[in-house]
Amino acid sequence: MRLGFLTGALAAGLAIAGLAALVIWVVTLITGSAGAWGVAPWLIPAVAALATIATYVAEVIVERDAESRKRETGEPWAYREDA
């Protein structure tokens, strides 16, 4: 399950990195200056890393909440990891 969460988080991080690069490119088109590309080497990886971490944490929280709700249905023995 954790590998699936990590894979999804990496995909989200890469998608957000692509969007960040697109935004920087649009800014260069609007301003007519290539100065915005000066921040790209640190901005794009930072945004991608933050998106990856945030997505992974959100997926783990949602999964824990779902497991908690399953246990509250009255059959906790049926949803234990070691069972």
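Just so it is clear, the model here is predicted, and its values are computed rather than measured.

Conventions and cut-offs
Residues numbered from 1 in each chain as written. Predicted model: local features only at pLDDT ≥ 70, side-chain atom pairs only at ≥ 80, totals over all residues. Heavy atoms only, no water. Helix = DSSP H or I, 4+ residues; strand = E, 2+ residues; numbered from the N terminus. Buried < 20%, exposed > 50% of the residue type's maximum accessible area, 1.4 Å probe, protein only. Contact = heavy atoms within 4.5 Å. Areas by Shrake-Rupley, 256 points an atom, 1.4 Å probe, with all protein chains shown as cover. Core = buried A, V, L, I, M, F, W, Y, C linked by side-chain atoms within 4.5 Å. Expected span 1.5 Å × (residues − 1). Patch = residues over 30% accessible without salt bridge, like charges linked within 9 Å, V, L, I, M, F, W, Y side chains within 5 Å. Salt bridge = Lys/Arg side-chain N within 4 Å of Asp/Glu carboxyl O.

1. Some thoughts on the overall build of the chain
Link 1 in the chain: Across its full length, the chain holds two helices and zero strands.
Link 2 in the chain: Considering the chain as a whole, with its 83 residues, one finds that 19% of them fall into the buried category.
Link 3 in the chain: Within the chain, contacts between residues at least 6 apart in sequence are counted, and of these 60% link residues at least 24 apart.
Link 4 in the chain: Taken as a whole, the chain presents about 5,900 Å² of accessible surface, with 71% of it coming from carbon and sulfur.

2. With respect to the nonpolar core
Link 1 in the chain: In this structure, Ala17, Ala20, Ile24, Ala36, Ala40, Ile44 and Ala48 together form the largest nonpolar core, which totals seven residues.
Link 2 in the chain: For this core, the elements supplying multiple residues, two or more each, are helix H1 (2-31) and helix H2 (40-71).
Link 3 in the chain: What Ala48 contacts, discounting residues up to four positions off in sequence, is Gly13 and Ala17.

3. Quick notes on H1
Link 1 in the chain: The first and last C-alpha atoms of H1 sit 43 Å apart over 30 residues, in line with the 44 Å expected at 1.5 Å per residue.
Link 2 in the chain: Phi for Gly32, located one or two positions after H1, is positive at around 75°.

4. Observations concerning the side chain of Thr52
Link 1 in the chain: With respect to the helices, strands and loops of the structure, Thr52 is situated in helix H2.
Link 2 in the chain: With a relative accessible area of 16%, Thr52 lands in the buried category.
Link 3 in the chain: Apart from residues no more than four positions distant in its own chain, Thr52 is found in contact with Ala9, Leu10 and Gly13.

5. Some thoughts on the environment of Gly8
Link 1 in the chain: Along the polypeptide, Gly8 turns up in helix H1.
Link 2 in the chain: Along the backbone, Gly8 and Glu59 are 51 residues apart, and their C-alpha atoms lie at a distance of 8.9 Å.
Link 3 in the chain: Leaving out residues up to four positions away in the same chain, Gly8 has contacts with Thr55 and Glu59.

6. Some points on a nonpolar patch on the surface
Link 1 in the chain: A cluster of nonpolar side chains, namely Ile16, Leu19, Leu22, Trp25, Val26, Leu29, Ile30 and Trp37, defines an oily patch on the protein surface of about 780 Å² accessible area.
Link 2 in the chain: In this structure, Trp25 sits in helix H1.

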